[in-house]
Amino acid sequence: MKQFINFIKKEFYHVLRDPKSLLMLFGVPIAQIVLFGFALTNEIKNSNIVIVDNAMDNASQKLIYEIRASKYFNVGQIFMNPDQMDAAFKTGKVKLALVIPKDFDNDLQHLHTAQVQIIADASDPNTATTLTNYMTSIISDYQNQLWQDGGLPYSILTQQRILYNPELAGAPNFVPGVVAMVLLLICVLMTSVSIVREKEMGTLEVLLVSPFNPFLVIFSKMVPYIVVSLINLTIILILSVYLLDLPFKGNLLLLYGESSIFIVCGLSLGLLISTLTDTQQTAMNTSFLLTMLPTMLLSGYLFPIENMPLFLRILSNIIPAKWFYIIIKSVMLKGLGIKYIWRETLILSGMTVFFLTVSLRNFKIRLQ
Amino acid sequence: MDKEMVIKADKLTKRFGDFTAVDAVSFDVAKGEIFGFLGANGAGKTTAMRMLCGLSKPTSGEASVAGFDVFRYPEKIKKNIGYMSQKFSLYEDLTIKENIEFYGGIYGLTNKQIKDKGTELIDMLDLQAEANKLVRGLPLGWKQKLAFSVAIIHEPKIVFLDEPTGGVDPANRKQFWELIYETADKGITIFVTTHYLDEAEYCDRVSIMVDGKISALDTPSGLKKTYNAKDMNEVFFQLARNATRSGD
Amino acid sequence: MNPITLQNITKTYEKGKVLAVDDVSFSVNDSEMFGLIGPDGAGKTSIFRILTTLLLPDKGTASVCGKDVVKDYKAIRGMVGYMPGRFSLYQDLSVEENLNFFASLFNTSIKQNYELIKDIYVQLEPFKDRRAGKLSGGMKQKLALCCALIHKPSVLFLDEPTTGVDAVSRFEFWEMLKRLKKQGITILVSTAYMDEVEHCDRIALMQNGKILSMDTPDKIIKSYSEKLFELKGDNKHKLLKDTMTYSDAVGSYASGESIHVSFKKNGKSDADIINGLKGFLESKGYQHIEIVPTVPNIEDCFLSLTKTEIHG
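Residues numbered from 1 in each chain as written. Chains lettered and ligands numbered in written order. Predicted model: local features only at pLDDT ≥ 70, side-chain atom pairs only at ≥ 80, totals over all residues. Heavy atoms only, no water.

**Q** What am I meant to see in the overall build of chain B here?
**A** A tally of helices and strands in chain B yields nine helices and ten strands. Taken over C-alpha atoms, the radius of gyration comes to 18 Å for chain B, in line with the 18 Å a tight globule of 248 residues would show. In chain B, the share of contacts with a sequence separation of at least 24, taken over all contacts with a separation of at least 6, comes to 68%. Per element, the accessible surface of chain B, about 10900 Å² overall, is 49% carbon and sulfur. Chain B carries 33 positive and 35 negative side-chain charges, and their two centres are separated by 3 Å. (Helix = DSSP H or I, 4+ residues; strand = E, 2+ residues; numbered from the N terminus. Rg over C-alpha atoms; globule rule 2.2 N^0.38 Å. Contact = heavy atoms within 4.5 Å. Areas by Shrake-Rupley, 256 points an atom, 1.4 Å probe, with all protein chains shown as cover. Lys, Arg positive; Asp, Glu negative; His and termini not counted. Charge placed at Lys NZ, Arg CZ, Asp CG, Glu CD.)

Now the structure itself:
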C-alpha cells in the first residue's frame with residue numbers, strides 16, 4: 001500500500017511541476033465557460049422584438065414603456081394583427097414577440113389577472129430561453145409595480161410558445177457539453193500522454209524490471225487524474241451557477257457519481273491509446289482526434305442528433321459522451337433522479353468496463 | 001609564422017545569473033587546424049561552443065569566427081560554419097540524397113552545385129547503392145560520416161563537431177578521423193569535442209576546460225611533457241580531477 | 001550455479017528482418033564483473049533486455065539467478081538491478097524524491113540499504129534537492145546507479161553506464177563498481193569505450209549480434225593473431241595516408257599519438273618487416289621515421305577481429 005501511495009505522490013509531482021499541463025488542466029475549462037458565457041450575453045443585448053398590442057389601452061402602453069426601457073430589447077414595430085408578426089419572424093430579424101390580448105387593462109382592473117403570450121424563435125434555443133426569461137422577469141417587475149401602486153395583488157400570467165424547435169432539443173445549454181468535453185479531454189489526453197512519456201523517457205523499462213505490479217502502475221496513474229477531473233467539474237459547476245446564473249436543479253451526489261463513471265471511461269480510453277502509441281506527440285494527436293471531434297459532432301451537444309442522417313444517428317450510440325451528455329443534462333437541468341437515467345447509466349458503465357478490459361489486456365508487461 | 005586565425009576569442013564570458021558558465025576564455029584557432037576542445041561534463045564546453053556558433057550572445061569579452069564578430073554578425077557566422085553533433089545530424093526519414101538536397105538548399109547552393117557535390121560525396125563515401133535509401137537503415141558509423149560530409153557541403157571555413165564519434169565502432173571511428181584529416185588538409189578548420197581521450201591525440205592542439213576556464217592549451221605532445229604524463233588520459237585526470245563544478 | 005547463463009540466444013526485430021543477437025551463449029560467474037564490449041548496434045542492449053525479462057528471445061534459453069527469463073520473469077524482476085542505456089529517472093523529481101520512489105517501488109527504504117549506496121550517496125547528498133534533469137552527466141549516472149542498487153540486488157545489469165560521461169567521472173564510476181563487486185554483487189556491464197575493458201574480469205567483444213572473442217582482457221590481447229608495429233614520423237596525416245597504400249600491411253590506422261601498422265604472421269622477422277616498411281616510406285620521401293614492435297591494446301584486437309567488416 002505504501003508503494004501505491006508513493007506512486008500516486010510521484011504522479012502528483014509530475015502534474016504540479018509542469019506549468020503547461022497545469023494550464024491545460026485548469027485553464028482550458030475555465031476559458032471555455034467564460035468565453036461561452038460572454039458570447040451568450042453579447043448576443044442577447046439589444047435583441048429585436050415586436051409587440052402585437054391587441055389592447056391599445058393604458059396598461060399595455062405602460063408595459064411597452066417598461067420593455068423599451070430595458071437594455072436587452074430593441075422594440076421594433078407595434079403590430080395590430082398576428083399575421084404581421086408571423087411575417088416578421090420569417091425574415092429572421094426578430095427573435096421574440098409579445099402578444100398582449102384585448103381588454104388587458106380591463107382584465108387587470110377588474111379580474112386582477114390578465115394573460116400575455118411570449119413567442120420566441122428557437123432556431124437558436126439558447127437565445128430563445130434566455131430572452132424568454134428576461135421578458136418574463138420584466139413583466140413580473142411590472143406586475144409588482146402595479147401591486148405597490150394600487151395596493152392590490154395583480155397577476156399577469158405569461159404563456160410561452162416556442163417556435164421552430166419546440167422542445168429546445170439541440171443545446172439548451174452548453175454547460176453539460178463543456179463538462180463532457182473537458183472531462184473526456186483531460187482523462188484521455190493526460191493518461192495517454194503520461195504513460196507514453198514513461199515509455200519515451202525509458203523510465204517504464206525500469207518500472208517493469210521491478211517487482212511492482214504493472215497494473216498498479218496504471219491505477220496509480222489514474223488516481224491523480226480522477227482527482228483533477230473532479231476538481232474541474234466543481235470549478236465548472238461553480239462558474240456556471242455564479243457567473244452564468246445557471247440554475248442547478250439536480251442531486252449533486254448523483255452528478256458526481258455519474259461523472260466518476262464517465263471519468264473512468266475516459267481514463268481507460270487514454271490507457272488504450274497509450275498501449276497503441278509510442279510517442280507523446282502521436283498519443284496527443286490520437287487523443288484529440290478520438291475525443292474532441294466525436295464529442296463535438298456526435299454527442300448532441302452542438303448538433304441535435306434527431307436531425308442527423310440515419311448512419312450518424314447509429315454511430316452516435318457508440319460515443320460515450322452522448323450518453324453522458326444525456327445524463328448530465330437530465331440531472332443538472334431537469335433535476336431528474338436515477339430512475340429516469342438508469343438506462344443511460346448502464347450503457348455508459350458497460351462501455352467503461354469494455355474499454356478498461358481491452359486496455360488492460362493490451363498493456364504489455366514487456367517491451368515490444 | 002603569421003597564420004590566418006579563423007577563431008579568435010578574447011576573455012569570452014557567459015553568465016547565467018550568478019553562475020559563470022564560461023569564465024574569460026581566450027584562445028585562437030588557425031586555418032586548417034584540428035582543434036580539440038576537451039573538458040569534464042559541465043565545464044562549459046557546450047556554452048562556449050554555442051557562443052562561437054552564433055547561437056548565444058556572450059555576456060562580455062570578444063570573439064570573432066570566420067572573420068565575423070559574434071555580437072554583431074551571428075547570421076554571417078552561421079553561413080560560414082558547419083555543425084554536426086551526435087544527437088542532431090540527419091533526418092532519419094529522408095533518403096541520403098534528400099538529406100544532401102535539403103542541407104545544400106538551406107546553405108544556398110545552386111541546384112547544379114548540389115548535384116555535383118552530392119555525387120562527389122556519395123562516391124567518396126562509397127554509398128552509390130544506398131543513395132536512395134532512408135538514412136534510418138544505415139549503420140551508425142556510416143551515418144556519422146555522412147552527417148560530417150553534409151555538414152561541410154557548403155565548404156565552410158570552420159566545422160564544429162560535438163562528440164561526433166560517440167558509440168561508433170573502432171573501425172568506423174578510425175575512418176571518421178581519416179575524413180577529418182582530409183578535410184583539414186583542404187583548409188577547413190576542425191573544432192571538435194570528444195570524451196575519447198585517445199582521439200585528443202589526433203588533434204593538432206588541445207584545450208582542456210575546467211570549471212569554465214581553459215586550464216591548459218597546447219599540442220598533445222606539449223601537454224604530455226608539461227604534465228609529465230604518458231598519455232592524454234593522465235593529462236586530463238591531473239587537470240579535471242580537482243574540478244569543483246562536477247555537480248552542475 | 002552461475003548467476004547469469006545464456007544458451008544459443010537469438011533475437012530478431014521487424015519479423016525476422018533485423019538480426020540483433022545471433023546465437024549468443026555465455027555465462028557469468030558469481031561476483032564477476034563481465035563486460036560486453038562493442039559499438040552501437042552490436043546487440044548489447046537486446047541481450048540486457050532479454051536478461052531483464054523485458055524482451056522474449058526468438059530462440060535459446062537464458063537464466064538469471066537460476067530462474068528462467070521467460071517463465072520466472074516475476075521472480076527475476078525482484079532480484080536484479082537494472083540501469084538502462086538512456087538516463088531513465090524522473091527528470092522533474094529531485095534526487096531524493098527519485099531515490100525514495102525507487103526504494104518504495106521495491107518495498108524498501110534508503111535507510112535499510114544505506115550501507116550499500118553510502119559511498120555513492122555521499123557525493124549526491126549536497127544536491128539532494130536538485131531536480132534530476134539539472135544534474136551533470138556524471139552525477140546522473142551516479143544517481144541512476146544508486147536507484148538500481150537501492151533494493152540490494154544480487155545481479156546488476158548496467159547498459160552503457162558511462163556513455164557521454166567525461167573521463168574522470170567514468171573512472172570514478174568504475175571504482176564504485178569494483179567496490180560493489182567486492183561486496184559479492186555480480187555485474188554485467190556494457191560499454192563502447194575500448195579503454196574501459198581493463199576494469200572487467202572477463203569481456204566479450206561483440207559486433208553485429210555475434211561474440212567475436214570472449215576471455216579475460218589479458219588473454220584476448222595475448223591471442224592477437226597479427227604482428228603489430230608502432231610508427232612515428234613527421235606530418236602524421238600524410239604519413240598515415242601513404243602507409244595505407246603499403247600492400248604488405250594488413251591494417252594501418254592512427255592510434256594515440258602514433259600510427260599502428262599490422263602484418264600477418266608469416267615467418268618474417270620483425271627486422272625484415274621494419275626494414276620493408278621503412279624502405280617504402282623513405283622512397284616516398286619521409287626521413288625521421290621510427291618503427292618499433294608494440295603490444296596491442298583491446299582496440300587493436302577488436303580491429304583485427306573485425307577486419308572482414310571494414311569497408312573502404
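**Q** How do you make sense of the interface of chain A and chain C when you look at a structure like this?
**A** Buried accessible area, meaning the area lost when the parts come together, often serves as the stated size of an interface. Taken together, the contacts link 25 residues of chain A with 31 residues of chain C. Taken over both partners, the interface formed by chain A and chain C buries close to 2700 Å², and the fraction arising from carbon and sulfur atoms is 59%. The largest per-residue losses of area from chain A upon contact with chain C belong to R17, V209 and R366 of chain A, which jointly make up 26% of the total buried on that side. Across the contact surface, chain A and chain C share three salt bridges. (Buried area = accessible area lost by both parts, 1.4 Å probe. Salt bridge = Lys/Arg side-chain N within 4 Å of Asp/Glu carboxyl O.)

**Q** Looking at this model, I keep getting lost on the environment of Q143 of chain A. Mind explaining?
**A** The topology assignment puts Q143 of chain A in helix α6 (residues 125-150). Residues Q143 of chain A and S123 of chain A lie 20 residues apart in sequence; the distance between their C-alpha atoms is 30 Å.

**Q** Sorry if this is basic, but what is going on with the sheet that holds strand β2 (residues 18-28) of chain C here?
**A** In a beta sheet, neighbouring strands pair by backbone hydrogen bonds and run either parallel or antiparallel. Residue and element names in this part refer to chain C. One open sheet holds the four strands; their spatial order is β2-β1-β4-β5, and the pairing between them is antiparallel. Each of the sheet's edge strands pairs with one partner strand only, and the pair in question is β2 and β5 (67-68). Strands β1 (4-13), β2 and β4 (59-64) of the sheet are contacted by helix α1 (residues 44-51), whose axis makes an angle of about 120° with β1. (Pairing = 2+ DSSP bridges. Axes fitted to C-alpha atoms, helices over the stretch in contact; angles between N-to-C directions.)

**Q** Explain the interface of chain C and chain B to me, please; I cannot follow it from the model alone.
**A** With 36 residues of chain C at the interface, the matching set in chain B holds 36 residues. Contact between chain C and chain B buries roughly 3000 Å² in total, counting both sides, with carbon and sulfur atoms accounting for 58%. Among the ionic pairs, R173 of chain B bridges to E299 of chain C, the shortest N-O distance being 3.7 Å. At the boundary of chain C with chain B, the tally comes to nine residue pairs in polar contact (both at pLDDT 80 or more). Every element with two or more residues in the side of chain C that touches chain B is listed here: α5 (137-149), α6 (167-182), α8 (236-243), β12 (251-255) and α10 (298-305) of chain C. When its residues are assigned to classes, the side of chain C that touches chain B shows 18 nonpolar, nine polar and nine charged. (Polar contact = N/O pair within 3.5 Å; in protein donor to acceptor, adjacent residues only side chain to side chain. Nonpolar A, V, L, I, M, F, W, Y, C, P; charged D, E, K, R; others polar.)

**Q** Looking at this structure, how should I read the confidence of the model for chain B?
**A** Low pLDDT marks regions whose predicted coordinates should not be analysed in detail. This prediction gives chain B a mean pLDDT of 89; 97% of its residues lie at or above 70. Ranking the elements of chain B by mean pLDDT puts helix α7 (residues 197-200) of chain B last, at 88, and strand β8 (residues 189-193) of chain B first, at 95. (pLDDT = per-residue confidence, 0-100.)

**Q** Explanation requested: unusual backbone geometry in the structure shown.
**A** Most of the time, phi is negative for any residue but glycine, and the peptide bond is trans. Residue and element names in this part refer to chain C. Located in the positive-phi region is K15, a residue other than glycine, with phi close to 55°. Summarising the element assignment, K15 is placed in the loop between β1 and β2. In this model, E160 sits at a positive phi of 45°, which is unusual for a non-glycine residue. You can call E160 buried: its relative accessible area is 11%. (Buried < 20%, exposed > 50% of the residue type's maximum accessible area, 1.4 Å probe, protein only.)

**Q** Is there a simple way to think about the packing of helix α3 (residues 96-106) of chain B against helix α4 (residues 111-124) of chain B in this case?
**A** The relative placement of two packed helices is expressed as an angle between their axes plus a distance between the axes. Residue and element names in this part refer to chain B. Packing of α3 against α4 brings their axes to within 10 Å, and their N-to-C directions diverge by 135°. As far as their axial angle goes, α4 and α3 are oblique. Our pair here, α3 against α4, has a crossing hand that is right-handed. Note on element contacts: α4 touches α3 through I114, G118, L121 and I122, opposite I96, K97, I100, E101, G104 and G105. (Parallel < 35°, antiparallel > 145°, perpendicular 65-115°, else oblique. Left-handed = near helix turned anticlockwise from the far one by under 90°.)

**Q** Is there a simple way to think about the packing of helix α1 (residues 2-16) of chain A against helix α9 (residues 214-242) of chain A in this case?
**A** Residues and elements named next belong to chain A. At a minimum axis distance of 9 Å, the contact between α1 and α9 shows a crossing angle of 50°. Judged by the angle between their axes, α1 and α9 are oblique. Considering only the axes of α1 and α9, their crossing is right-handed. Where α1 abuts α9, its residues F4, F7, I8, K10, E11, F12 and V15 lie against L216, V217, F219, S220, K221, V223, P224, Y225 and V227. Residues that form the contact of α1 with α9 fall into these classes: twelve nonpolar, one polar and three charged.

**Q** Sorry if this is basic, but what is going on with the packing of aromatic side chains here?
**A** Each aromatic ring pair is summarised here by two numbers: the centre-to-centre distance and the angle between the ring planes. Taken as a whole and assessed by the stated rule, the structure comprises 28 aromatic pairs over all chains. Ring plane angle 70° and centroid distance 6.2 Å describe the contact between F68 of chain B and Y73 of chain B, whose orientation is recorded as edge-to-face. Classification of Y73 of chain B by relative accessible area gives partly exposed; the value is 35%. An angle of 75° between the planes, with centres 5.3 Å apart, marks the rings of F101 of chain C and F102 of chain C as edge-to-face. Taken as a pair, F101 of chain C and F102 of chain C share a single burial class, namely buried. Members of the aromatic cluster, connected to one another through ring pairs, are F27, F35, F37, F160 and F191 of chain B. Above the ring of Y13 of chain A, the side-chain terminus of R17 of chain A is found at 4.5 Å from the ring centroid. Here the guanidinium or amino end of R366 of chain A rests over the ring plane of Y73 of chain C, the centre of that ring lying 4.7 Å away. (Phe/Tyr/Trp six-rings, centres within 6.5 Å; stacked < 30°, edge-to-face > 60°. Lys NZ or Arg CZ within 6 Å of the ring centre and 35° of its normal.)

**Q** Just to check I follow, could you spell out α6 of chain C for this structure?
**A** Along an α-helix, a turn takes 3.6 residues, which lines up residues three or four apart on a common side. Residues and elements named next belong to chain C. In this model α6 runs 23 Å from its N-terminal to its C-terminal C-alpha over 16 residues, within 8% of the 22 Å that 1.5 Å per residue would give. When α6 is considered as a whole, its buried residues turn out to be A167, V168, S169, R170, F173, W174, M176, L177 and L180. Where α6 begins, the capping side chain belongs to D166, and its oxygen is found 3.0 Å from the backbone nitrogen of V168. Of the residues flanking the end of α6, it is G184, one or two places downstream, whose phi is positive at about 95°. (Expected span 1.5 Å × (residues − 1).)

**Q** What should I look at first to understand the environment of G105 of chain B in this one?
**A** By the element assignment, G105 of chain B lies in helix α3. A sequence separation of 49 residues divides G105 of chain B from H154 of chain B, and the C-alpha atoms of the two residues are 9.7 Å apart.

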